[in-house]
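The lines below spell out each chain.
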Amino acid sequence: MYEPDRVKSLKRPQGLPFRIGKLGHVVINVHDVERSARFYTEILGFEISDVYPEEMVPGGMVFLRCNPDHHGIALVGSMKAEAANVELNHIAFEVATLDEVIRARDHLRRHGVTIDFAGRRRDPDNHRLEIYWGIDQIGSDGHVRSSTEWNGAQSLEEAIAEPVRGQDTTLHDPALLSGEKRPSTR
């Protein structure tokens, strides 16, 4: 039986001879590698680093990047149908500002991308995606936000209007919430 307090007490062992520095990349299986590559490039703005033909990897493989790393996500065309989405909850992508979160949401809506919650979208194979900004940082003291401070906002608008303590939800462009301006592009 799941006991949150017992899980919360788990610690990194002392003397471990290595320390993971960051999540390197995510590789997901897709039904149609070309369709998925189109989504990740043309809709989310990733760039293709490499493409492996089916002779190298059954179904083919595409490596995509959003920064100087060779790839942050890779697609393997090995699925026979859409993902049941039971093994993976979501993949999250960080943007620099809250304004960009809203612009991304509006951009995805214009492209017909399913949004099942303000922070979650779905790719062509039903994998849930999140675009976020401003994740809480954990200092060397290990202090984390108390669960009594969590906010169960059901929309971006609600999260902006009622932020958690210490979170600045001031928009550089307040018109984004009213839809008065068209999103800018980089």
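Structure: see above.
Residues numbered from 1 in each chain as written. Predicted model: local features only at pLDDT ≥ 70, side-chain atom pairs only at ≥ 80, totals over all residues. Heavy atoms only, no water.

J.: Which parts of the structure should I look at to understand the pairing of strand β5 (residues 91–94)?
T.: Residues in a regular strand project their side chains so that they alternate between the two faces of the sheet. By the alternation rule, side chains of β5 split into Ile91 and Phe93, which are all buried, and Ala92 and Glu94, of which none is buried. Bridging between β5 and strand β8 (residues 128–132) involves 4 bridges; their strand directions are parallel. The residue of β8 that forms the bridge with Glu94 is Tyr132. (Buried < 20%, exposed > 50% of the residue type's maximum accessible area, 1.4 Å probe, protein only. Helix = DSSP H or I, 4+ residues; strand = E, 2+ residues; numbered from the N terminus. Pairing = 2+ DSSP bridges.)

J.: Would you mind showing me how to read the nonpolar core here?
T.: Ile28, Tyr40, Leu64, Ile73, Leu75 and Phe93 are the most contacted members of the largest nonpolar core, which has 27 residues in total. Those elements giving two or more residues to this core turn out to be α2 (33–43), β3 (61–65), β4 (73–76), β5, α3 (98–110), β8 and α4 (156–161). Those residues in contact with Phe93 that sit more than four places away from it in its chain are Tyr40, Leu44, Phe46, Ile73, Leu129, Glu130, Ile131 and Tyr132. Ranked by size, the runner-up nonpolar core spans 5 residues in total, among them Val57, Met61, Ala74 and Val76. (Core = buried A, V, L, I, M, F, W, Y, C linked by side-chain atoms within 4.5 Å. Contact = heavy atoms within 4.5 Å.)

J.: Can you walk me through the sheet that holds strand β1 (residues 26–29) in this structure?
T.: Strand order in the open sheet formed by 4 strands is β1-β4-β3-β2, with mixed pairing between adjacent strands. Here the strands that pair on one side only, and so sit at the sheet edges, are β1 and β2 (47–52). The mean inter-strand angle of the sheet, taken between neighbouring strand axes irrespective of direction, is 20°. Note: β3 against β4, 4 bridges, orientation antiparallel. In the sheet register, Met61 faces β4, and the bridge partner there is Val76. The strands that α2 touches are β1, β2, β3 and β4; relative to β4, the one it contacts most, it runs at about 160°. (Axes fitted to C-alpha atoms, helices over the stretch in contact; angles between N-to-C directions.)

J.: What's the story with the packing of aromatic side chains in this structure? I'm lost.
T.: Two aromatic rings, taken as a pair, are described by how far apart their centres are and by the angle between their planes. This structure, assessed with the given rule, holds 4 aromatic pairs. Between the aromatic rings of Phe39 and Tyr40, the centroid separation amounts to 5.2 Å while the plane-to-plane angle is 85°, which identifies the pairing as edge-to-face. A relative accessible area of 0% places Tyr40 in the buried class. For the pair Phe46 and Phe93, a centre-to-centre distance of 5.3 Å together with 75° between the ring planes defines the contact as edge-to-face. With Phe46 in the loop between α2 and β2 and Phe93 in strand β5, this residue pair connects regions lying 47 residues apart in the sequence. Pair check on accessibility: Phe46 and Phe93 agree, each one buried. (Phe/Tyr/Trp six-rings, centres within 6.5 Å; stacked < 30°, edge-to-face > 60°.)

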